[in-house]
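A structural walkthrough
Here is how the chains run, residue by residue.
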Amino acid sequence: YTMVDTLYFTEVLDGELIRRYTAAQMLTEAFYKSGRSYGSYLVPVWSNTSRSIYKGKEEELRKASKLTNKGDWDQAYAIWDGLSKTENNTAGAKALYNMAIFHELEDRLDLASRLVDEALKKDTLELISSYKEEIDTRLLNQKELYKQVR
């Protein structure tokens, strides 16, 4: 464990050093930051992220995207499911990727990972390839979390 031990509590105004905090306030802040930093190694912390879904040229993908914007992910999923079975490999890969995002939102990471694998068999789009790494990392972290919690 290493910690950056530099905290700045002074300001310089017109060439003069200005102290804005008392020694007790500086110690309190230092202990708080140190404890918070070290604590993040001991307990799980949430990290916010954002995901993009494919909208594409296909009418079905655009329609499903509009449904997700309205919050109707189940109907969008049904569209993606149908599109994933088409002859168009690129559209199918995009649909499978979008389905994986749906399952990630539902915390079904193993299913999301399998869908991404299927998508990569159809087409190796860059967004899908990078998502594969992220979802597999999340899956490993989830397994480690379950070990800690149970």
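See the structure above.
Residues numbered from 1 in each chain as written. Predicted model: local features only at pLDDT ≥ 70, side-chain atom pairs only at ≥ 80, totals over all residues. Heavy atoms only, no water.

Examining the packing of helix α2 (residues 59-69) against helix α3 (residues 73-83)
Selection rule: Angles run from 0 to 180 degrees between N-to-C directions of axes, and those axes are lines fitted to C-alpha atoms, restricted for helices to the stretch in contact. Helix and strand assignments follow DSSP, with helices taken as H or I runs no shorter than four residues and strands as E runs no shorter than two, numbered in order from the N terminus. Here is the rule for angles: anything less than 35 degrees is roughly parallel, anything more than 145 is roughly antiparallel, 65 through 115 is roughly perpendicular, and the remaining ranges are oblique. By convention, the crossing between two helices is left-handed when the near helix turns anticlockwise from the far helix through less than a right angle, and right-handed when the turn is clockwise. Only heavy atoms matter for contacts: two residues are in contact if any of them lie within 4.5 Å across the pair. Lys, Arg, Asp and Glu make up the charged group, whereas Ala, Val, Leu, Ile, Met, Phe, Trp, Tyr, Cys and Pro make up the nonpolar group; the residues left over, Gly among them, are polar.
Relative to each other, α2 and α3 sit at 160°, their axes nearing to 8 Å. Between α2 and α3, the crossing angle belongs to the class labelled roughly antiparallel. Helix-helix and strand crossings are classified by hand; for α2 and α3 the assignment is left-handed. Mapping the contact onto sequence places E60, L61, K63, A64, L67 and T68 in α2 and W73, Q75, A76, I79, W80 and L83 in α3. Considering only residue class, the contact of α2 with α3 consists of eight nonpolar, two polar and two charged.

Focus: the pattern of salt bridges
Definition in use: The working definition used for a salt bridge is a side-chain nitrogen of Lys or Arg within 4 Å of a carboxyl oxygen of Asp or Glu. For every residue, the accessible area (1.4 Å probe, protein chains only) is compared with the maximum for its type, and the residue is labelled buried under 20%, exposed over 50%, or partly exposed between those bounds.
Throughout the structure, instances matching the rule amount to nine salt bridges. Where E134 meets R51, a salt bridge forms, and the shortest distance between an N and an O atom there is 2.4 Å. Here R51 lies in the loop between α1 (23-42) and α2 and E134 lies in helix α6 (residues 126-149), a separation of 83 residues in the sequence. According to the relative accessible area criterion, E134 is partly exposed, its value standing at 35%.

Quick notes on the pairing of strand β2 (residues 16-19)
Short version of the rule: At least two bridges found by DSSP between two strands is the condition for calling them paired.
Bridge analysis of strand β1 (residues 10-13) against β2 gives four bridges, and the strand direction is antiparallel. The partner of T10 across the bridge, within β2, is R19. Hairpin remark: β1 followed by β2, antiparallel, with two residues in the connecting loop; positive phi at D14, about 55°.

With respect to unusual backbone geometry
Here the phi dihedral of D14 falls at roughly 55°; this positive angle occurs in a residue that is not glycine. Summarising the element assignment, D14 is placed in the loop between β1 and β2. One non-glycine residue, D107, lies in positive phi territory at about 65°. Along the polypeptide, D107 turns up in the loop between α4 (89-105) and α5 (109-122).

What to know about the side chain of N98
Tracing the backbone shows N98 in helix α4. Excluding residues that lie within four positions of it along the chain, N98 makes contacts with I53, Y54, L61 and W80.

Considering the packing of aromatic side chains
Put simply, the rule is: Each aromatic pair joins two rings of Phe, Tyr and Trp (for Trp, the six-membered one) with centres within 6.5 Å, and gets the label stacked for planes under 30 degrees apart, edge-to-face for over 60, and tilted for any other angle.
Scanning all chains against the criterion turns up four aromatic pairs. Centroid distance Y54 to Y97: 5.2 Å. Interplanar angle 70°. Geometry classified as edge-to-face. Separated by 43 residues along the polypeptide, Y54 in the loop between α1 and α2 and Y97 in helix α4 bring together distant segments of the chain. A single burial state applies to Y54 and to Y97, both of which are buried. Taken together, a centroid distance of 4.8 Å and an interplanar angle of 45° make the contact between Y77 and F102 tilted.

Here's the deal with the environment of T124
Within the secondary structure, T124 is located in the loop between α5 and α6. Separated by 82 residues in sequence, T124 and L42 place their C-alpha atoms 37 Å apart.

A look at a nonpolar patch on the surface
Condition: Two joining distances apply to patches: 9 Å for like charges and 5 Å for nonpolar side chains (Val, Leu, Ile, Met, Phe, Trp, Tyr), and every residue must have over 30% relative accessible area and no salt bridge. Areas reported here follow the Shrake-Rupley algorithm with a probe of radius 1.4 Å; residue values treat only the protein chains shown as occluding.
Taken together, the side chains of Y38, Y41, L42 and V43 present a nonpolar region at the surface, about 450 Å² in accessible area. Mapped onto the fold, Y41 is located in helix α1. The exposure class assigned to Y41 is exposed, which follows from its relative accessible area of 57%.

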